[in-house]
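# Observations on the model geometry
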Amino acid sequence: MPKMIVWRVFFASALCLATCAQAVTYQDPLNAKSSITIADRSVILVDVEKPAKRCGSADPYVCIKSQPFSLAVPKDSSISKWDFAGSRYEIVSKNERMILGTLYSYDIVKVSGTLNLQFAYSRKEGIIAIKEPSGNTLLPVEKCGILVQDTSGGCN
């Protein structure tokens, strides 16, 4: 792993240590400058930390809300279109694919509006990839992504 990536992960982890209960770092394996760390109480874009909060148990979504970056997935799996934090979400395809020796069942969600990106979402593994408008694809450094709903796969 290049030294710069190691330092970015270390720096993001250090920033988050005092305030984060659970954090997931996403990085583009081909672009060390593209990374985001998402936690219960903060979002770190490269090296800038902003406060964040998760949706509550009574909310219709599992989500993370932050000024620069908010994501949500409905708790009701039959919903294919929803609005959240100024963006429109739509499931554009359902997939099942072997990735690095593990079979994933996931949805591709297109987000447009305040946030413009796509992400791959699995109820068991959470968000497993984020495709930025620039074309960078961010993958979780950890085994599990954020916004897991089904903990039977070992993620929470």
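Position labels on residues start from 1 in each chain and follow its written sequence. In keeping with the predicted nature of the model, local features appear solely for residues at pLDDT of at least 70, side-chain atom pairs appear and are counted solely at 80 or more, and the whole-chain, interface and lining totals rest on all residues. Side-chain calculation: all heavy atoms of the structure are included, whereas hydrogens and water are not.

### A word on the environment of proline 68
By the secondary structure assignment, proline 68 is in the loop between strand S5 (61-66) and strand S6 (71-74). By relative accessible area, proline 68 is classed as partly exposed at 27%. Along the chain, proline 68 and isoleucine 44 lie 24 residues apart, while their C-alpha atoms are 9.3 Å from each other. Once residues within four sequence positions are removed from consideration, proline 68 is found in contact with Leu45, Lys50 and Leu115. Segments assigned H or I by DSSP are reported as helices when at least four residues long, segments assigned E as strands when at least two residues long, and all are numbered from the N terminus. For every residue, the accessible area obtained with a 1.4 Å probe (protein chains only) is divided by the maximum for its type, and the residue is called buried under 20%, exposed over 50%, and partly exposed between those limits. Every residue pair with non-hydrogen atoms within 4.5 Å of one another is taken to be in contact.

### Some words on the environment of lysine 143
With respect to the helices and strands, lysine 143 occurs in the segment after strand S12 (137-140). Take lysine 143: its relative accessible area is 63%, and that puts it in the exposed class. Here the alpha-carbon distance between lysine 143 and glycine 154, two residues 11 residues apart in the chain, equals 9.4 Å. Excluding residues that lie within four positions of it along the chain, lysine 143 makes contacts with Gly153 and Cys155.

### Re the packing of aromatic side chains
Classification of ring pairs uses Phe, Tyr and Trp, with its six-membered ring standing for Trp, and accepts pairs whose centres are within 6.5 Å; under 30 degrees between planes counts as stacked, over 60 as edge-to-face, and the remaining range as tilted. Evaluation of the coordinates by the stated rule reveals 3 aromatic pairs. Their ring planes at 15° and their centres at 5.2 Å tell us that tryptophan 82 and tyrosine 89 sit as a pair that is stacked. Given the relative accessible area of 4%, tryptophan 82 is considered buried. Look at tyrosine 89 and phenylalanine 119: their rings are 6.3 Å apart centre to centre, the planes differ by 70°, and that puts the pair in the edge-to-face class. Taken as a pair, tyrosine 89 in strand S8 (residues 87-99) and phenylalanine 119 in strand S10 (residues 117-122) lie far apart in primary sequence, 30 residues in all. Of the two residues, tyrosine 89 and phenylalanine 119, both sit in the buried class. Within the aromatic cluster, the residues linked to one another by ring pairs are Trp82, Tyr89 and Phe119.

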